[in-house]
Structure formats: structure tokens, C-alpha cells
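Letter by letter, the chains look like this.
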Amino acid sequence: MKSPCQAIRLRTSVSIVALCGLIILQFSPCECCWNRLPIGQRSQYSIAPRPLSPIVSTVAIEMAGWPKMIGSDLTCCRPALVDLDGDGQLEMIVGAPSNPTCYMNYIRDALWAISPNGQLISGFPILIDDSACSSPAVGDLNGDGTPEIIVGSSINNLSTDRKLYGFTNKGMSLPGWPLLLDEGDKRYVYAAPSMGDLDGDGLPEIIYGSRNGKLYACKIDGQDLDGWPVDLKTIPTDGFGGSVALGDIDNDGSLDILAYLSGGFMYALNADGTIKTGWPRLVGRAMTWGFPNEIGTRPTGEEVYVAEVTSAPVLCDLDGDFDLEIIFLTNTLRATLYVLDHEGNILPGFPFYMEDDGMFFESVRSTPAIGDLDGDGHREIAIWTDVGKLWIVKDDGTVPVGWPKELRAGGFPFKAIFKPSYPAIVDIDYDGGLEVLAPGWIGGDTPEDPSISYLWSFEADGEATSGWPVILDRSLVNMPTVDDIDGDGALEIALAIQGMAHCLHVSRNESLVNPDLAWRTFQHDPFRTGNVHAWLP
């Protein structure tokens, strides 16, 4: 049986988008730190790699050939599950940024592609000179029936250039790639790029934002479209830390681009790069963990607080009017959920403010997930905050009974603040209803109080799914990606955590229903649409 979501094409009227938020911790160099090694040795393993340990579970079992060591202690990229080689099975595609500490396993940044049996796909891993911080966007850009891979990067000690990388399904660089971003000290691409047909030729283009405040759109040959890039920053430090979302928000037959900048402006742009009438909208003040990160002044003299915004907008028709609403998170001293209509007006019941826990500000860096959890025909919004709390918010801005869930117990929320997590919404137990998957942990981060990490699954009423949580062998602050990778009708969960790639098989009874994968990966699907209505053939 084929996976219900194996296809790698998107109908060109729909969007492609993804996001990866990253804060890299700077540690003091140690004897095995990569920047002390000769260049010829920097692609070697460290002298003391961490052991390969399976995940402990009775409902989700590690598949044969897994886990795989792919990188350093700090793996932040969300995997994509796509059929790269045309064999009807899905490969895991994930970037592994390196981290210069004595705990690292693989010292070079790399892009990996791994088959369901744990074997590397020919041509992978691909070593990258920059930091492989972006989650990959994957799709067929030239109509030849095979997917291409686009991934963004940041600076590391091997390179002062920031590039956007493009690869074939065999791991070869696309002609004209990588692309060197043009100017500025903050021209790196944290967030995953997007793919969508902007010029109506039937082939998707690549859309990506940089921390220099510019939004780019180019063809597979790397050439910018007419009218692009567009400079959207309002102050020198303004820029993109999160991905854009793509979709026809006003039903005019053309693709629109939704982009949220760190200074607090939400933009809606036409496919030609012009700003739509009535936009942008200034929505709150972007903050970091409830505190100002940088302070700047707009030309109007207004003082603003600028943060590394890593939350991307997502699109859904929440109110049933056949127009897409724009759903996104920001921090205005506390985590705040906004829902705007296609004209930029705030919907009744919003903004929704998440309460803090009395010790830490309830800030947020993740991106929402969308799905009809209770089966009432109205979709809910799932949010994972920086202090390890999972919220469910209904389309009218209310919180159902049983929510939120506190998924952190003890210790400073180190994992959450520096490595944001994202919920998934799928039918993980094959019962015909949707569950929310999200990480959590108990304990601190010291030898005296070691943390125990979990992957939770919750029902619509807030009760844990039978057999869950799954106990993890190392901290998980990332997002699970769920699909049927081997075509057997059962689901697998792909995880990239602390330099390890895991693949868990979730067994099923044949009498149960085929599972709904409402929000199965970061930004909804392997092409990162951020659009719950994205149509996959």
C-alpha cells in the first residue's frame, strides 16, 4: 500500500513554505573544537562520539537500522519525508548544523538523506561550508518528475558568506547554485525557503527571506524574478527569522505571500512583489523571551523592540467564509496569538494572550499547527510555548476544557528557549480522531537532576493517548514528522534530536481506519506550504 501523502508535487495555485528558528549557543572552545582542527580533518568524527541509544516505547518502536548519527549536539532542522529516488518509499531529508563543543558527533555541517532501512541515499550526506540551519524545502521545480532540495544557511567558522543551497535528488548542486546573498551583516537564511508558482508558468519558484530584511524570489536557475527582491525592513535591524506563507488569501486567482518581520509588521504581497492594498499591518511589538533584544527607531521616530522572530504565519479558513485567515504568533511581553482576515483585520476573540507560569515569561518561538481535534467541523490551533506549555485555542479564541498542558516539570527551560519546538496533529492511534504530538520533559539539566524527555500524544480533551508518552534517550525540543515511509499502511515518526536521526514505527490494527495526517510536519507538508488547505495529488 502506498503512503497517502507520498506525492512530491503541489498544485501550482497553492503555497510552499517552511521555517527553522535557530539560536546558536556560543560555548568556549575545547580541545576537540572544530575550529582548532586542520581543514582536512574537519569532516572526521570526534574522538568521543555519543552512543547510539534506541528510544524506549511500547507503541512506537525504533525501526531496524536506526537511529543514525548525523551531526552535533544541537540539531535544529525539521526533517522532510519525500520519495527522492522514485522507489515508492519516503526518505528522511534533514540538515545537521554543527556545534563547536566537546559533545559533537559530526564536525561538519551536512544535509542528509536516509532511506526507511537506515541506509544513506547515494550522493549524501552533502557537506556544507555554512551552518545548515534551515529546514529543507523539497519539490519538483522543473517538471521532470524528480524533486529538488533547497536549504538556507548561516555563518560558521569555515565561511563568512551566507548562501542558499540547491541540490538535485542525487545530491548534486543545481547549476548556478549556491546563491550568495547580496549585502549586509545579517544576510543569512534562518528559515526554510518556500516554493510556489508566482509567474503562472506551471512551475514553482523559490521564495525566501533573509535577516537583511529582503524577500527574494528566483527560478531554478537562481535568477531573480522581475520585481524581486523587495526590501521590507523598516529599521536597519529588521529582518526575517521565520518563513513566509503562500496562498490565495482573497480568491483573486493569484498567489499571495504573507511575511512577518521582526519589527512587528505583517506584510501581504502580490506575486509580482508589490504590497497588497491595506498592508502591512503593525501587530504588537516583537520581543524575545519577554525582553527587548535590540532597540531601533523607525523614520517616524517610533521606538521599536526587535526580536529574532522565528514563528511563521500559517493559513486556514477558520471562519468558513471561503477566504484564508492568517494565523501567527508573536511576543508582546507574553506569547500572543493573532488571527487576521484577508484584509488584515483582527478576528473577534483575538488576540489571544497566553498566561505566564509565574516564573518565566510565556514567550513563543514556534509556529502553530492546525486541525479539527474534536470533530465538530471547526479547526483548532495548537501552540507550543518556550516554557514547555502546550495550548489548544479554538477558532473563537477560547481554550477548551483540559487545556493547556504543562509539559515541563523542574529546571530552567533551557531546551525550549534555545531550541523551539512545534506540535504535529495526526491520527497517531488510528481511531479516526486527531491527536496532538508535542515534546516535554521532567527534571533539570544537571548531573544531580538529569532531565527525562518525552514525546507526548494528547486527545482532544487533553487526556494522554493510550500508551503515551514515548520516553526519549536524549532531550527532544524539535518537531516530529509523521508519515507512512515504507508504504505498509502504518505510520512512522521521524525525529532529529541532538545529532541523532530516529525513525519510530507506530503499529496498527488492520481493522482500524487509515490515519488522517492533518498537520504532519513543520508547515503542514514536505513542501512547507503552511496552508492547511494545500492540495497534494
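These numbers come from a predicted model, not from an experiment. (Residues numbered from 1 in each chain as written. Predicted model: local features only at pLDDT ≥ 70, side-chain atom pairs only at ≥ 80, totals over all residues. Heavy atoms only, no water.)

What follows concerns the overall build of the chain. Across its full length, the chain holds 1 helix and 36 strands. The contacts in the chain between residues at least 6 apart in sequence include a share of 59% that link residues at least 24 apart. For the chain, the accessible surface area stands at approximately 18,500 Å², while carbon and sulfur atoms represent 53% of it. (Helix = DSSP H or I, 4+ residues; strand = E, 2+ residues; numbered from the N terminus. Contact = heavy atoms within 4.5 Å. Areas by Shrake-Rupley, 256 points an atom, 1.4 Å probe, with all protein chains shown as cover.)

The next subject is the pattern of salt bridges. Tallied over the full model, the rule gives 11 salt bridges. A salt bridge links D256 to K276, with the nearest nitrogen and oxygen atoms 3.2 Å apart. Note that D256 is positioned in strand β16 (residues 256–260) and K276 in the loop between β17 (265–269) and β18 (281–282), a separation of 20 residues in sequence. Its relative accessible area of 0% is what places D256 among the buried residues. (Salt bridge = Lys/Arg side-chain N within 4 Å of Asp/Glu carboxyl O. Buried < 20%, exposed > 50% of the residue type's maximum accessible area, 1.4 Å probe, protein only.)

Moving on: the pairing of strand β26 (residues 380–384). Taken across its 5 residues, β26 has 5 buried, putting it largely inside the fold. Every second residue of β26 is oriented toward a common face, with E380, A382 and W384 on one face and I381 and I383 on the other, all of them buried. By the bridge criterion, 3 bridges tie strand β25 (residues 369–371) to β26 in an arrangement that is antiparallel. Residue pairing for β26: A369 is matched across the bridge by A382. (Pairing = 2+ DSSP bridges.)

On to the confidence of the model for the chain. The predicted model of the chain averages 76 in pLDDT, with 68% of residues at 70 or higher. This stretch, residues 1–54, has a pLDDT under 50; its non-local contacts, to residues over four places away or in other chains, come to 191 contacts. For the stretch residues 286–299, pLDDT sits under 50, and the model shows 54 contacts to residues farther than four places along the chain or on other chains. (pLDDT = per-residue confidence, 0-100.)

When you line up the elements, D374 lands in the loop between β25 and β26. The spacing of D374 and E459 is 85 residues in sequence and 8.5 Å in space, taken between C-alpha atoms. Other than its neighbours up to four places away in sequence, D374 contacts E380, K394 and A460. A polar contact is formed between the side chain of D374 and the backbone nitrogen of D376, at a distance of 3.3 Å. (Polar contact = N/O pair within 3.5 Å; in protein donor to acceptor, adjacent residues only side chain to side chain.)

Here we take up the side chain of D256. Polar side-chain contacts of D256 include one of 3.0 Å to the backbone nitrogen of I249. Sequence-distant contacts of D256, that is, excluding residues within four places in its chain, are made with A245, L246, G247, D248, I249, D250, L269, N270 and K276.

A few words on unusual backbone geometry. In this structure, the amide linkage connecting W66 to the following residue, P67, adopts the cis form with an omega of 0 degrees. In this structure, P67 sits in the loop between β1 (60–62) and β2 (68–69). Following F124, the chain continues to P125 via a peptide bond in cis, the omega torsion being 0 degrees. Inspection of the secondary structure puts P125 in the loop between β5 (109–114) and β6 (126–128). Unlike most non-glycine residues, Y430 shows phi in positive territory, near 60 degrees. Turning to its location among the elements, Y430 is positioned in the loop between β30 (424–426) and β31 (435–442).

Here we take up the pairing of strand β27 (residues 389–393). In terms of burial, β27 is largely enclosed, as 5 of its 5 residues are buried. Sheet topology places β26 next to β27; 4 bridges connect them, and they run antiparallel. Opposite W384, over in β27, you have L390 as the bridge partner. Hairpin connection from β26 to β27: 4 residues lie between these consecutive antiparallel strands, with G388 at a positive phi of about 80 degrees. When β27 meets strand β28 (residues 405–406), the two strands line up antiparallel, connected through 2 bridges. Bridge pairing in β28 links K389 to E406.

Take the sheet that holds β17 next. Taken in spatial order, the 4 strands line up as β15-β16-β17-β18 in an open sheet, and their pairing is antiparallel. One side of each edge strand has no neighbouring strand; the edge strands of this open sheet are β15 (245–247) and β18. Relative to β18, β17 is paired through 2 bridges, and the arrangement is antiparallel. By the bridge assignment for β18, M266 is matched with R281.

Across the sheet, 4 strands lie side by side as β11-β12-β13-β14; this open sheet has antiparallel pairing. In this open sheet, the two edge strands, each paired with only one partner strand, are β11 (194–196) and β14 (230–231).

Summed over all chains, the structure comprises 10 aromatic pairs. Taking 5.1 Å as the distance between ring centres and 50 degrees as the angle between the ring planes, the aromatic pair formed by Y260 and F328 counts as tilted. In this pair, Y260 sits in strand β16 while F328 sits in strand β22 (residues 325–331), placing the two residues 68 residues apart along the sequence. For the pair Y260 and F328, one class covers both residues: buried. Three or more aromatic residues joined by ring pairs form one cluster here, namely W403, Y454, W456 and F458. (Phe/Tyr/Trp six-rings, centres within 6.5 Å; stacked < 30°, edge-to-face > 60°.)

It is worth spelling out the environment of E62 at this point. Along the chain, E62 falls in strand β1. When its relative accessible area of 13% is taken as the criterion, E62 is described as buried. Taking the C-alpha atoms as reference points, E62 and I493, separated by 431 residues in sequence, lie 9.2 Å from one another. A polar atom in the side chain of E62 sits 3.0 Å from the backbone nitrogen of C503.

Further remarks concern the side chain of D248. With respect to the helices and strands, D248 occurs in the loop between β15 and β16. One buried charged side chain, D248, makes no salt bridge at all; its nearest oppositely charged neighbour is K276, positioned 6.3 Å away. Within the local environment of D248, its side chain forms a polar contact with the backbone nitrogen of D252, the two atoms lying 3.2 Å apart. Side-chain polar atoms of D248 contact the backbone nitrogen of G253, separated by 2.9 Å. (Lys, Arg positive; Asp, Glu negative; His and termini not counted.)

A word on the nonpolar core. Core analysis: the biggest nonpolar cluster contains 56 residues, and I327, L337, I383, I425, I428, W468 and I493 have the highest contact counts within it. Residues in contact with I428, not counting those within four places in the same chain, are E435, L437, S457, W468, V482, L491, I493 and V506. (Core = buried A, V, L, I, M, F, W, Y, C linked by side-chain atoms within 4.5 Å.)

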